[in-house]
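Observations on the three-dimensional arrangement
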Amino acid sequence: MKVGLVGFAGSGKTTLFNALTGLKADTGFGGKEAANLGMIKVPDARVDFLAEIFKPKKKTLAEIGFVDVAGPDAKKSEKGLDAKLVADMRLSDALVHVVRGFDNPALTRPPDLLRDLEEFEAEMVFSDLVQVESRLDRIRKEGKKGAEKTFFETLAAHMEAGNPLRTLALSEADLASVSGFAFLSQKPCMVLCSVADDAAGRELGDDLKAAAKKRQLTLVHMAGRAEAEISELGPEEQAAFLADLGVTAPARARFIAAAYAQLELISFLTTGEDECRAWTIKRGTVARRAAGKIHSDIERGFIRAEVIPFADFKALGTEAKCREAGKLRLEGKEYVVQDGDIVHFRFNV
Ligand SMILES: Nc1nc2c(ncn2[C@@H]2O[C@H](COP(=O)(O)OP(=O)(O)O)[C@@H](O)[C@H]2O)c(=O)[nH]1
Ligand SMILES: [Mg+2]
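Residues numbered from 1 in each chain as written. Chains lettered and ligands numbered in written order. Predicted model: local features only at pLDDT ≥ 70, side-chain atom pairs only at ≥ 80, totals over all residues. Heavy atoms only, no water.

Concerning the domain arrangement of the protein
Domain annotation of the protein identifies domain 1 (2-112 + 187-262) and domain 2 (284-347). A straight line from the C-alpha centre of domain 1 to that of domain 2 covers 33 Å. Between domain 1 and domain 2, the contact holds five residues from the first and seven residues from the second. A buried area of about 560 Å², summed over both sides, lies between domain 1 and domain 2, and 79% of it is on carbon and sulfur atoms. Per-residue buried area on domain 1 facing domain 2 is highest for Arg46, Phe49 and Leu50; these three make up 76% of the total on that side. Run the count over domain 1 and domain 2 and you get one salt bridge. In this structure, Arg46 and Asp339 form a salt bridge, with 3.3 Å as the shortest nitrogen-oxygen distance. In this assembly, domain 1 and domain 2 are joined by one residue pair in polar contact (both at pLDDT 80 or more). Among the residues making up the side of domain 1 that touches domain 2, the classes are represented as four nonpolar, no polar and one charged. (Domains from an automatic or database assignment. Contact = heavy atoms within 4.5 Å. Buried area = accessible area lost by both parts, 1.4 Å probe. Salt bridge = Lys/Arg side-chain N within 4 Å of Asp/Glu carboxyl O. Polar contact = N/O pair within 3.5 Å; in protein donor to acceptor, adjacent residues only side chain to side chain. Nonpolar A, V, L, I, M, F, W, Y, C, P; charged D, E, K, R; others polar.)

As structure tokens, this is what we get:
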């Protein structure tokens with residue numbers, strides 16, 4: 001899972017990247033071209049519980065990988081999706097769009113969450129529209145008629161009206177047929193408002209909420225710079241400073257909760273003497289694909305999955321008792337894995 005942090009230059013992306021990952025990448029405009037890469041571990045009490053019981057050599061939490069995509073130089077323009085930026089964004093599984101609500105002295109425009117949200121979302125839609133138009137040009141040149149032309153015309157019309165592709169209901173087959181484009185406005189996305197310290201504990205405006213809802217985007221807001229500083233402190237100090245800001249949990253915890261919901265992520269679990277581990281998958285993933293998260297051999301040689309829901313395991317305490325109580329199920333390759341499933345894959349290579 002790779003999440004791209006995107007947004008206009010100077011919107012506070014790298015500062016948030018630091019707050020979320022605990023790293024210390026350079027902020028401000030250094031003319032830096034390379035993207036920052038980092039991971040956040042997803043705290044999971046279920047993994048802790050399993051590790052208590054199995055006493056494995058290793059306990060491994062799920063991770064979300066972050067790419068702080070290097071934005072264009074602010075002096076060239078305050079916005080702009082150059083080719084490299086778009087290419088980086090297309091490689092992300094999901095996007096977190098950072099919008100600026102704090103005053104940045106390096107920029108001429110005053111902060112405006114709604115304006116930035118609408119403008120940058122429009123840029124992403126535009127970049128997709130250019131791709132669709134170029135496909136349509138080719139279809140027209142080749143004199144083709146029929147379903148393909150109609151389909152791409154539908155996409156174009158939707159975007160010309162200013163709508164992201166994510167709000168267009170498409171069939172599974174249609175989605176698969178355009179997956180190669182890696183459309184930006186179709187990616188799972190949430191909007192992270194980086195706000196001034198005194199706004200951290202306040203509700204966001206209704207106009208902003210409406211603009212997000214129209215685009216099927218979740219909004220999260222946090223005081224990026226303060227959170228980045230707080231993330232460097234010890235646990236007790238953190239709690240005191242967070243209370244001052246008017247928030248109850250650190251940025252990372254709030255972010256993970258929102259990201260799992262908006263990006264439709266769940267975790268399944270594996271246990272053993274070597275390792276107890278959580279694996280992140282998209283909701284709706286079938287057992288065979290989930291097995292591929294662990295190893296491609298397990299996906300290829302998939303025979304079946306032995307599944308115990310975590311709640312049952314927690315209540316009964318051992319695998320043997322779960323088996324006796326009929327809580328261990330055998331599932332086939334098309335089984336849709338559920339959040340908290342403890343899965344043991346049977347496979348042959
Ligand atoms: N006041 C304030 N300044 C911030 C905040 N977040 C970032 N900044 C400052 O804004 C500038 C740009 O931030 P940066 O994270 O580098 O933005 P990026 O270009 O999107 O990566 C830096 O000087 C930061 O110190 C914030 O929450 N509040
Ligand atoms: Mg940056």
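Some thoughts on the environment of Asp88
Relative to the helices and strands, Asp88 is located in helix H3 (residues 83-90). For Asp88, a relative accessible area of 22% puts it in the partly exposed group. (Helix = DSSP H or I, 4+ residues; strand = E, 2+ residues; numbered from the N terminus. Buried < 20%, exposed > 50% of the residue type's maximum accessible area, 1.4 Å probe, protein only.)

Some thoughts on the site of ligand 1
Surrounding ligand 1, one finds 17 residues, the nearest of these being Gly10, Lys13, Thr14, Thr15 and Gly28. A distance of 2.8 Å is found between an oxygen atom of ligand 1 and a backbone nitrogen or oxygen belonging to Gly10. In this structure, an oxygen atom belonging to ligand 1 sits 3.4 Å away from a main-chain N or O atom of Gly224. When ligand 1 sits alone it has 580 Å² of accessible area, and the protein chains cover 84% of it. Elements represented by at least two residues in the shell around ligand 1 include exactly helix H1 (13-21), strand S6 (189-195) and helix H8 (224-230). At three residues, H1 tops the list of elements feeding residues into the shell around ligand 1. Here the shell around ligand 1 is built from residues that sort into five nonpolar, 10 polar and two charged. (Near = heavy atom within 4 Å. Areas by Shrake-Rupley, 256 points an atom, 1.4 Å probe, with all protein chains shown as cover.)

Details of helix H4 (residues 113-141)
Compared with an ideal rise of 1.5 Å per residue, which puts 29 residues at 42 Å, H4 spans 42 Å between its outermost C-alpha atoms and is within 8% of the ideal. Capping the start of H4 is the job of one residue whose side-chain oxygen sits 3.2 Å from the backbone nitrogen of Leu114: Asp112. Phi for Gly143, located one or two positions after H4, is positive at around 70 degrees. (Expected span 1.5 Å × (residues − 1).)

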